[in-house]
Amino acid sequence: MTRTSKFKTVALLAAALAAGSALAAPAAAVEPTTVVLVHGAFADSSSWAGVIPRLQAQGLRVVAAANPLRTLEGDAASVGQLVGSIPGNVVLVGHSYGGAVITSAAQGHANVKALVYVAAFAPDKGETALGLSGKFPGSTLGDALAQPVATPEGSKDLYIQPAKFHQQFAADVPAKAANLMAITQRPIAEAALTQAAGEPAWKTVPSWAIYGTADKNIPAEAMGFMAKRAGAKEVVEVKGASHVVMVSHPDLVSKLIVDAAKSIK
């Protein structure tokens with residue numbers, strides 16, 4: 001064998017080994033879709049307790065965001081930063097005021113592939129949560145609120161009166177559970193409900209919606225209007241469900257979120 005032939009043989013062997021190594025290398029792991037759950041006013045992340053294990057059983061990663069409930073702009077920025085730290089595709093889910101938050105938080109984050117509104121606001125630019133709740137008749141929240149509590153930043157914290165919480169917020173939840181929810185409710189700053197929304201993400205991101213017909217915080221008619229305006233791919237109206245439809249009907253809410261996640265290509 002000539003010296004040139006030896007060099008050719010070594011080169012061919014090296015190429016073959018390199019090709020074999022490439023074939024044997026494991027494929028890069030595909031990040032699972034992450035569902036980010038954003039609670040609303042007068043609630044906390046525990047309101048998703050029935051939904052979380054159902055989503056995990058479907059192989060979804062779940063993160064329950066702590067919504068500050070201070071200002072719409074600040075709350076959206078907080079959730080947006082969380083979304084920006086997550087690798088892979090994200091389904092953003094918002095309950096009540098949390099819907100307004102996800103509508104803004106998704107802006108600028110290309111990994112948000114779906115929005116799910118759970119008894120939630122889906123505002124257009126310039127709209128407020130307070131304005132939308134009064135757009136159609138039916139909300140009795142105003143009469144159920146306790147005396148506002150002044151905050152250091154000059155706003156007012158709003159709570160639902162514990163004695164009225166069950167019927168106002170969670171009428172289809174057992175009294176014992178509703179009592180715990182009333183005691184552990186997190187207040188929302190009045191400023192958050194009166195701050196105008198920016199450009200909505202639902203104009204470019206597909207959306208889904210679910211709400212109850214017996215919601216006393218946000219009239220069902222208002223939520224149907226917002227879902228239609230947003231071009232929601234699927235709208236589920238739950239007969240007799242209260243404002244906390246994810247607590248009373250976690251199976252239906254979970255199914256809708258899974259539908260949204262499965263739609264991601």
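Residues numbered from 1 in each chain as written. Predicted model: local features only at pLDDT ≥ 70, side-chain atom pairs only at ≥ 80, totals over all residues. Heavy atoms only, no water.

Let us look at the pattern of salt bridges. Taken as a whole, this structure holds eight salt bridges when the rule is applied. The partner of Arg 70 in a salt bridge is Asp 157, with the nearest N and O atoms 2.8 Å apart. Placement of Arg 70 in the loop between β2 (61–65) and α3 (72–84) and of Asp 157 in strand β6 (residues 156–158) is noted, with a sequence separation of 87 residues between them. In this structure Arg 70 comes out as partly exposed when scored by relative accessible area, which is 25%. By relative accessible area, Asp 157 is classed as buried at 11%. The salt bridge involving Asp 259 is made with Lys 255; its shortest N-O contact spans 3.2 Å. Placement of the pair is Asp 259 and Lys 255 together in helix α12 (residues 250–262), with a separation of four residues, close to one helical turn. Taken together, the shared-partner salt bridges connect Arg 70, Glu 153 and Asp 157 into one network. (Salt bridge = Lys/Arg side-chain N within 4 Å of Asp/Glu carboxyl O. Helix = DSSP H or I, 4+ residues; strand = E, 2+ residues; numbered from the N terminus. Buried < 20%, exposed > 50% of the residue type's maximum accessible area, 1.4 Å probe, protein only.)

What follows is about helix α8 (residues 175–184). Listing the buried residues of α8 in full gives Ala 178, Met 181 and Ala 182. Down the axis of α8, the smallest arc covering the buried residues is 100°, so these residues share one side. The exposed residues of α8 that point more than 90 degrees off its buried face are Lys 176, Leu 180 and Ile 183. In this fold, the buried residues of α8 make contact with α7 (162–169) and α11 (245–248). (Arc of directions from axis to C-beta. Contact = heavy atoms within 4.5 Å.)

On to α12, then. Its 13 residues place the ends of α12 18 Å apart at the C-alpha level, agreeing with the 18 Å of an ideal helix rising 1.5 Å per residue. When α12 is considered as a whole, its buried residues turn out to be Pro 250, Val 253, Ser 254, Leu 256, Ile 257, Val 258, Ala 260 and Ala 261. (Expected span 1.5 Å × (residues − 1).)

Another aspect to go through is the sheet that holds strand β7 (residues 188–189). Across the sheet, three strands lie side by side as β5-β6-β7; this open sheet has antiparallel pairing. In the strand order of this sheet, the two ends are held by β5 (149–150) and β7, each with one partner. Sheet analysis places β5 next to β6, joined by two bridges and oriented antiparallel. Each bridged residue has a counterpart across the sheet, and for Val 149 the counterpart in β6 is Asp 157. (Pairing = 2+ DSSP bridges.)

The subject of this paragraph is the nonpolar core. Core analysis: the largest hydrophobic core is formed by 84 residues, its most contacted members being Leu 92, Tyr 97 and Leu 115. Of all the elements, strand β4 (residues 112–120) adds the most residues to this core, at eight residues. Every residue in contact with Tyr 97, bar those within four places of it in the chain, is listed here: Gly 40, Ala 41, Asn 67, Leu 69, Thr 71, Leu 72, Asp 75, Phe 121, Ile 188, Ala 192 and Leu 193. (Core = buried A, V, L, I, M, F, W, Y, C linked by side-chain atoms within 4.5 Å.)

Let us look at the environment of Glu 73. Note that Glu 73 resides in helix α3. A relative accessible area of 59% places Glu 73 in the exposed class. Counting along the chain gives 119 residues from Glu 73 to Ala 192, while the straight-line C-alpha distance between them is 8.1 Å.

Let us now look at the sheet that holds strand β8 (residues 207–212). The strands making up a sheet associate through backbone hydrogen bonding, with each pair oriented either parallel or antiparallel. Overall, parallel pairing links the six strands, which are arranged β2-β1-β3-β4-β8-β9 in an open sheet. The two strands at the open ends of the sheet, each matched to only one other strand, are β2 and β9 (234–238). Sheet twist, expressed as the average angle between the axes of neighbouring strands with direction ignored, equals 15°. Two elements, β4 and β8, share four bridges in a ladder whose sense is parallel. Note that in β8 the partner of Val 118 across the bridge is Ile 210. Against the sheet, helix α4 (residues 97–105) touches β1 (34–38), β3 (90–96) and β4, its axis set at about 145° to β3. In this fold helix α10 (residues 220–229) packs onto β4, β8 and β9, with an angle of close to 170° to the strand it touches most, β8. (Axes fitted to C-alpha atoms, helices over the stretch in contact; angles between N-to-C directions.)

By the criterion of burial, β8 is predominantly enclosed, with six of the six residues buried. Going residue by residue along β8, you find Ser 207, Ala 209 and Tyr 211 tucked away on one face and Trp 208, Ile 210 and Gly 212 tucked away on the opposite face as well. Looking at chain direction, β8 and β9 are connected through five bridges and run parallel. If you follow Ala 209 over to β9, its bridge partner there is Val 235. The β-α-β motif built from β8, the intervening α10 and the parallel element β9 has right-handed crossover chirality. (Right-handed = clockwise from strand over helix to strand, strands pointing away.)

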